[in-house]
Amino acid sequence: MNITVIGTGYVGLVAGAGLADFGMHVVCVDKIEEKIDSLKRGEIPFYEPGLRELVERNVAQGRLSFSTDLEDSVRNSLVVFIAVGTPSDGRGGVDLSAVEAVCRQIASAVEDYTVVVTKSTVPVGTNRWIKSTIQEQLAKQVEIDVVSNPEFLREGSAVEDFMRPNRVVIGSDSPKALAIVKDIYRPLYLIETPFVITNLETAEMIKYASNAFLATKISFINEIANLCDMVGADVHMVAKSMGLDRRIGPKFLHPGPGFGGSCFPKDTEAMARIGRDHDSPLTIVEAVIEVNARQKRLMVEKVVSALDSAPDNKTVAVLGLSFKPNTSDIREAPSIILVKELLARGARVRAYDPVAIDEFRREVGDEGITYASTAYEAIEGSHCLAVVTEWNEFRNLDMGRVKELMASPVVVDLRNIYDPAKMKAKGFRYLCVGRQVVYDTAPG
Ligand SMILES: NC(=O)c1ccc[n+]([C@@H]2O[C@H](COP(=O)([O-])OP(=O)(O)OC[C@H]3O[C@@H](n4cnc5c(N)ncnc54)[C@H](O)[C@@H]3O)[C@@H](O)[C@H]2O)c1
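The rules behind the values
Residues numbered from 1 in each chain as written. Predicted model: local features only at pLDDT ≥ 70, side-chain atom pairs only at ≥ 80, totals over all residues. Helix = DSSP H or I, 4+ residues; strand = E, 2+ residues; numbered from the N terminus. Rg over C-alpha atoms; globule rule 2.2 N^0.38 Å. Buried ≥ 20, exposed ≤ 12 C-beta atoms within 10 Å, placed from the backbone. Contact = placed C-beta atoms within 7 Å. Near = placed C-beta within 6 Å. Nonpolar A, V, L, I, M, F, W, Y, C, P; charged D, E, K, R; others polar. Pairing = 2+ DSSP bridges. Axes fitted to C-alpha atoms, helices over the stretch in contact; angles between N-to-C directions. Arc of directions from axis to C-beta.

Trainee: Where do I start with the overall build of the chain in this structure?
Mentor: When its secondary structure is counted, the chain shows 20 helices and 14 strands. For the chain, whose C-alpha radius of gyration is 24 Å, the value lies close to the compact-globule estimate of 22 Å for 444 residues. Seen through its principal axes, the chain has C-alpha atoms that stretch 75 × 45 × 40 Å. By the burial criterion, 48% of the 444 residues in the chain qualify as buried. In the chain, the share of contacts with a sequence separation of at least 24, taken over all contacts with a separation of at least 6, comes to 71%.

So this is what it looks like as structure tokens:
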């Protein structure tokens, strides 16, 4: 079966390579020529574990190729996946201009029955709009069907998530289109992946409700952590014990500097907006957004409060710039707010990330920031070390060396990766999220 995947970002490229691995013939299309040229040379435009090998294998076996010629590829495909970006429009809604542009291009290209599958996260009702938008602009009157197939992969483990998903959601009104898309995912039946077959609106809603719920867990535990700081409780014990209750579960109960990334912030905003538009308020989601914004501000204050005088002329080492480990994606990363705020208050920043420095530099620039090539280089001469992203390599730093390198031994661990008692024993002033009073009152 010939498939076109439009958009070679985190979702499109992983999905394209994954579908090729399922045995399909896939052309991944993007409008950015340099991106396609570099993919043709075997270069992956972002960091994602295992993706290079997956792409290489399927290119070598002749099932995966890259093109900027959307019309040509669509004309030769039975199924077209849309995986373009759907960013926030800045007013709480979703910018669907990339989806709309793609619809126009699809309409001018199709010559036979085509199934258009939406992988991009789009508000409820968008798939019906996609169908009518394409139908209104068809150059040739042919039958098209639309399927909603939201993607749940996580950056950092995207390949594994795509190849072994928790579930596959397929929504459509067309039995023919449903059968075709189910057939594409047939290899997943063998590993007993649950399939959810439903209508368009339910599939669209599943994606938003899932992301909103995950974001809720994060904001919930962040608020609990802040309260733990005030009352002398240890949020790790609290979260662990909560998680032992199977109705709650242990996942996504890690306090930190607030959620970022390309999905949760914009998807919670969009979900809240959908509720308002339908006069069915999502009060919890609105609160999650507010809590998250506050958490990011609180974490800035935590770092500033760790400096024993005003931040001007102080140097802060920032470890971790990507919004989470194992990705180079910095969209909505808590590091951006922290670094910008520190710079605005006159501090100097020494920053290190294993893979995200180029992206961060493009977004935030060089002014006031020294980018280091190792964690230790970033730490050198700093008055405070802030751990913002929990890359594995930060877990095992030689703390003796860290202390020697620092101008003053102050660590603000926004991901709670170190043990408060051990950090104190090593002579650090140590601040974290929701375990503060435990450290202050720890014996010894
Ligand atoms: N990133 C994630 O973890 C994730 C997970 C699940 C769902 N999603 C959703 O998937 C969608 C894509 O997200 P992403 O992170 O891959 O986005 P991205 O910004 O990384 O990639 C989008 C790609 O689409 C391309 N594009 C835009 N318009 C085009 C056009 N007219 N023709 C061809 N290519 C075009 C862009 O050049 C870009 O390469 C979004 O709706 C997002 O919400 C993302």
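Trainee: I would appreciate a short explanation of the site of the ligand in the present structure.
Mentor: In the vicinity of the ligand, 28 residues are found, and the nearest of them are Gly-7, Gly-9, Val-11, Ser-120 and Thr-121. At the level of secondary structure, the elements contributing two or more residues to the shell around the ligand comprise helix H1 (10-21) and helix H5 (97-109). Its residues assigned to classes, the shell around the ligand shows 13 nonpolar, 9 polar and 6 charged.

Trainee: What is the right way to look at the sheet that holds strand E11 (residues 369-371) in this model?
Mentor: The strands making up a sheet associate through hydrogen bonds between their backbones, and the pairing can be parallel or antiparallel. A sheet is described by the order of its strands in space; here 6 strands give the open sequence E11-E10-E9-E12-E13-E14, paired in parallel fashion. Only two strands of the sheet have a single partner each, and these edge strands are E11 and strand E14 (429-431). In this sheet, adjacent strand axes meet at a mean angle of 20 degrees when their direction is disregarded. Here strand E10 (residues 348-352) pairs with E11 via 3 bridges, running parallel. Within the sheet, the bridge partner assigned to Val-349 lies in E11 and is Ile-369.

Trainee: What's the story with helix H8 (residues 175-184) in this structure? I'm lost.
Mentor: Quick reminder: α-helices carry 3.6 residues per turn. Residues three or four places apart thus point the same way. Those residues of H8 that sit buried are Ala-177, Ile-180, Val-181 and Ile-184. For H8, the angular spread of the buried residues around the axis is 95 degrees, confining them to a single face. For H8, the exposed residues lying more than 90 degrees away from the buried face are Pro-175 and Asp-183. Contact partners of the buried residues in H8: H1, strand E4 (79-82), strand E5 (114-118), strand E6 (144-148) and strand E7 (168-171).

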